[in-house]
Amino acid sequence: MTTVTAALLERDGLILACRRRADQSHPLKWEFPGGKVEPGEDPPSALRRELEEELGIRIDAAHEITRYPYQYPGRSPLLLIFYHVPDYTGPLENRIFAEIRWAAPSELAALDFLEGDLDFVRRLADGKLSGL
């Protein structure tokens, strides 16, 4: 099973959402920054690496909110791990995405998120998640 990390970066009560480019898998879908855990890497280390690669930021703390398995049709199963990242250092820059956007949790459900993230986004939008 492939493990994938995702960060909820928070600023002034808003959450960062990122939109994939048209040339990527799941084109133009919205997601949270993060990515696959590489062999020999633990999920928090993968999250730190991915945030530096994708957004040019460094984090000290990440608190796990939830995790669950998900499988896209015809693909290997994933373990999705969502983290709350309350703070970061460095100027945030969009290095790989078509678009990034700060949105209120209640606005996230209106974005076309990856299917694997939808349950989490709905619970976040409804205020049904603790850990934020």
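All of the points below concern the structure found in this document. As the structure is a prediction and not an experimental result, all values here were calculated from the model. (Residues numbered from 1 in each chain as written. Predicted model: local features only at pLDDT ≥ 70, side-chain atom pairs only at ≥ 80, totals over all residues. Heavy atoms only, no water.)

1. Structural notes on unusual backbone geometry
Phase 1 of the analysis: Positive phi, normally seen in glycine, also occurs at D12, with a value near 55°.
Phase 2 of the analysis: Relative to the helices and strands, D12 resides in the loop between β1 (2-11) and β2 (14-19).
Phase 3 of the analysis: Judged by its relative accessible area of 74%, D12 falls in the exposed class.
Phase 4 of the analysis: Unlike most non-glycine residues, L28 shows phi in positive territory, near 65°.
Phase 5 of the analysis: On the secondary structure map, L28 appears in the loop between β2 and β3 (30-31). (Helix = DSSP H or I, 4+ residues; strand = E, 2+ residues; numbered from the N terminus. Buried < 20%, exposed > 50% of the residue type's maximum accessible area, 1.4 Å probe, protein only.)

2. Observations concerning the nonpolar core
Phase 1 of the analysis: Ranked by internal contacts, the top residues of the largest apolar core, which has 22 residues, are L8, F32, F82, L108, F113, F120 and L124.
Phase 2 of the analysis: Secondary structure elements with two or more residues in this core: β1, β2, β5 (63-70), β6 (78-85) and α3 (118-125).
Phase 3 of the analysis: Ignoring anything within four residues of it in the chain, the contact list for F113 reads A17, K29, W30, E31, F32, L108, L118 and V121.
Phase 4 of the analysis: Listed in part, the 16 residues of the second largest apolar core include L16, C18, L47 and L51. (Core = buried A, V, L, I, M, F, W, Y, C linked by side-chain atoms within 4.5 Å. Contact = heavy atoms within 4.5 Å.)

3. Topic: the side chain of T3
Phase 1 of the analysis: Turning to its location among the elements, T3 is positioned in strand β1.
Phase 2 of the analysis: Sequence-distant contacts of T3, defined by excluding residues within four places in its chain, comprise G35, K36, V37, P43, L79 and I81.

4. Here's the deal with the pairing of β6
Phase 1 of the analysis: Along β6, eight of the eight residues are buried, which leaves the element largely enclosed by surrounding structure.
Phase 2 of the analysis: A two-sided burial pattern is seen for β6, the buried positions comprising L78, L80, F82 and H84 on one face and L79, I81, Y83 and V85 on the other.
Phase 3 of the analysis: The sheet contact formed by β1 and β6 spans eight bridges and is parallel. Following the sheet pairing, A6 is matched in β6 by F82.
Phase 4 of the analysis: Sheet topology places β5 next to β6; seven bridges connect them, and they run antiparallel. (Pairing = 2+ DSSP bridges.)

5. Some remarks on the packing of aromatic side chains
Phase 1 of the analysis: Applying the stated criterion across every chain, the model contains six aromatic pairs.
Phase 2 of the analysis: On the numbers, 4.0 Å between centres and 10° between planes, the contact of F82 with F120 is stacked. Within this pair, whereas F82 is found in strand β6, its partner F120 is found in helix α3, the two being separated by 38 residues in sequence. Both residues of the pair, F82 and F120, count as buried.
Phase 3 of the analysis: Members of the aromatic cluster, each reached through a chain of ring pairs, are F32, Y68, F82, F113 and F120. (Phe/Tyr/Trp six-rings, centres within 6.5 Å; stacked < 30°, edge-to-face > 60°.)

6. A word on the environment of V121
Phase 1 of the analysis: Its location among the elements puts V121 in helix α3.
Phase 2 of the analysis: The buried category is assigned to V121, whose relative accessible area is 2%.
Phase 3 of the analysis: Apart from the residues within four sequence positions on either side, V121 is in contact with F32, L108, A109 and F113.

7. Digging into the layout of surface pockets
Phase 1 of the analysis: The space that makes up the largest pocket amounts to roughly 600 Å³.
Phase 2 of the analysis: The wall of the largest pocket is formed by 25 residues, among which V4, R20, E31, K36 and L78 lie closest to the centre.
Phase 3 of the analysis: Mapped by element, the contributors of at least two residues to the lining of the largest pocket are β1, β4 (34-36), α1 (43-55) and β6.
Phase 4 of the analysis: With four residues, the top contributor of residues to the lining of the largest pocket is β1.
Phase 5 of the analysis: When grouped by side-chain class, the residues that make up the lining of the largest pocket number nine nonpolar, nine polar and seven charged. (1 Å grid on protein atoms, 1.4 Å probe; cavity = no way out; pocket = protein on both sides within 12 Å on 5 of 7 lines; lining within 4 Å. Points joined across faces, edges and corners; volume = space filled by probe spheres on them. Nonpolar A, V, L, I, M, F, W, Y, C, P; charged D, E, K, R; others polar.)

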